[in-house]
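Architecture and fold: a report
This is what each chain is made of:
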Amino acid sequence: MQTNHPPIPIPLRKTPTGIEGLDEITDGGLPQGRPTLVCGSAGCGKTLLAIEFLVRGIQQYDEPGVLMAFEETAEELSANVTSLGFDLPALQKAGKLRLDHVHVDRSEIEETGEYDLEGLFIRLGHAIDSIGARRVVLDTVEALFSGFPNQAVLRSEIRRLFRWLKDKGVTAVITAERGEGSLTRQGLEEYVSDCVILLDNRIQDQITTRRLRIVKYRGSTHGTNEYPYLIGEEGLSVLPVTSLKLGHDVSDRIVSSGIPALDGMFGLKGFYEGSSILIGGTAGTAKTTLAAAFAREVCLNKGRCLFFAFEESPRQLLRNMRSVGIDLEPCLEKDLLRIEASRPTLNGLERHLVTLHQLVRDFKPQAVVIDPISNLVSVGNLQEVRSMLTRLIDFLKVNGITALFTALINPRTGQVEMIEDAVSSLMDTWIMLRDLEGIGERNRGMSILKSRGMSHSNQVREFIVTGNGIELLDVIIGPTGIVTGSARLAQRLQEQAQADAHQHELDRKDRELERKRRVLEATIANLRTEFESVEDELRRINQEEQTRQPTLPEGKKTLPSGPASGAGKTTRRKGR
């Protein structure tokens, strides 16, 4: 008996774009053998995305491509993408790319009254067959359909074009201008396309930000959020907004903070490699100095460190750190340290993030320092900054890079307002620097708020910045708690005076004990002398006694025995 098993569904085949980040959010690329619509307003990079799709396909996947343009000539397109490193004429000579410019003049069409797509199909089909193209780009569809005044015919021809591309089996990217109240001007292309990508170029607070969204993707899952993207020197870069899955590896290796006394406050004498560290504090609490000490320590251990400075120029940073005994110049000369200094407002948040991604890929650092992250608030709102920093922290963790961030604390509230809700919870170690104000003076204190995976000190340690770096002072407890500054000096003087008085008392007792010891020793000597005299006397008497004892028996032997006998006899006679 045979059992009928349900057929195994065949997953949708996809064509990778080769564009950084786009394949990730499309879960593998664009639908293979189907048309994809890329729409957006002017200046959002539709043509650049389409051309990079072709170039990456040739360079990375050996898939020839055809670019048919209706607005710009082949020479203009080649010149426009030269700055991105794309050499279209070279690809043409290699037989991997065909560029074709089709001029559509609406005035001529209105005069003749005839226009259809048969000529386009023949021309495009010949270009595809001549090089065996697997990828096709049509830029832009508005110019192609401008000759159709009848909406019914227009819709029919659009469907006909998309069906022809599917039957041809090529993966096509079609660009379109965004319409009023619809994704495209015709309002139909998005319905007949299997995949629709919307590009948006918006300006907020005088800062340009580009966003990409997958509007639909038939037969496949895909990212549904808005994703920032940038057009850089190497093409487009799309950055996912959502954090990556928490599946990155961790390390048990420990890296030093560059300050031995600070390392001693941690149970394992430092930070975990690949962890994230936040140093928060008010202005002037030596946050940058701590960051520079960490960067130098990484370089001294033959590691590379990437230092983002948002407040100081590289020369100013080097000079200021040299004054406190932290010389970063040798690290720069050995190419172990790279300092990227700029105002946050120079670029948008996403541009900063992409710049860091590119530098990490090129420089391959073991540690990254960003000083301070609180300045990014001037570029975007709090939610955008938190989103950007979340992606940044995840990116560094995935790559096993130890990240150290500094943040300015609001002196009125005493809180790191920008990151207290989101970013601080992502940090593995949080070090807080604070002002310890006393009578007429201001001192610095340091404490560890948390350190995941290891024990740590709960003390507030006072520290000073010297010509040899940062020095942590011992904790001194006074009558009212921890004392700092001149109170520490007064406490030390008082403790020294008490120690001196105690030492004097001990010395006096030692002298008294020594005197008593001597008196006792003298008494013992007198008793010993007296004992020896008595002992001599007893010994002399004993000797005299021993001398007399031998003479006594001899005296008994010489006594006369006769008178005793006679007397006995006489007594007996008288008895009679």
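The rules behind each value
Residues numbered from 1 in each chain as written. Predicted model: local features only at pLDDT ≥ 70, side-chain atom pairs only at ≥ 80, totals over all residues. Heavy atoms only, no water. pLDDT = per-residue confidence, 0-100. Contact = heavy atoms within 4.5 Å. Helix = DSSP H or I, 4+ residues; strand = E, 2+ residues; numbered from the N terminus. Buried < 20%, exposed > 50% of the residue type's maximum accessible area, 1.4 Å probe, protein only. 1 Å grid on protein atoms, 1.4 Å probe; cavity = no way out; pocket = protein on both sides within 12 Å on 5 of 7 lines; lining within 4 Å. Points joined across faces, edges and corners; volume = space filled by probe spheres on them. Nonpolar A, V, L, I, M, F, W, Y, C, P; charged D, E, K, R; others polar.

Turning our eyes to something else, we now look at the confidence of the model for the protein chain. Per-residue confidence for the protein chain gives a mean pLDDT of 80; residues scoring 70 or more make up 78%. pLDDT under 50 marks residues 108-113. Its contacts with residues more than four places away, or in other chains, come to four contacts.

Relative to the helices and strands, Thr175 resides in strand β7 (residues 171-177). Residue class for Thr175 comes out buried when judged on its relative accessible area of 0%. In sequence terms Thr175 and Lys46 are 129 residues apart; their C-alpha atoms lie 6.2 Å from each other. Beyond its immediate stretch of four places on either side in the chain, Thr175 contacts Val38, Lys46, Ala50, Leu138, Asp139, Thr140, Val141 and Glu142.

As a further point, take empty space enclosed by the protein. Applying the stated criterion across every chain yields a total of one cavity of 30 Å³ or more. Roughly 30 Å³ of volume is contained in the largest cavity. Along its surface, the largest cavity is lined by Ser257, Leu262, Phe271, Ile279, Leu290, Phe294 and Leu404. Tallied by class, the residues present in the lining of the largest cavity amount to six nonpolar, one polar and no charged.

A few words on the environment of Leu97. Mapped onto the elements, Leu97 comes out in strand β5 (residues 97-101). Sequence separation between Leu97 and Arg135 is 38 residues, and the spatial gap between their C-alpha atoms is 9.6 Å. Setting aside chain neighbours within four positions, we find Leu97 in contact with Leu54, Ile58, Gly65, Leu88, Leu91, Gln92 and Ile131.

A cis amide bond, omega -10 degrees, links Asp139 with the succeeding residue Thr140. Topologically, Thr140 is positioned in the loop between β6 (135-139) and α7 (141-145). Along the chain, Asp371 connects to Pro372 via a cis peptide bond; the corresponding omega equals -15 degrees. Summarising the element assignment, Pro372 is placed in the loop between β17 (367-371) and α15 (382-398). The phi dihedral of Lys269 is positive, around 65 degrees, even though this residue is not glycine. With respect to the helices and strands, the residue Lys269 is situated in the loop between α10 (260-263) and β13 (271-272).

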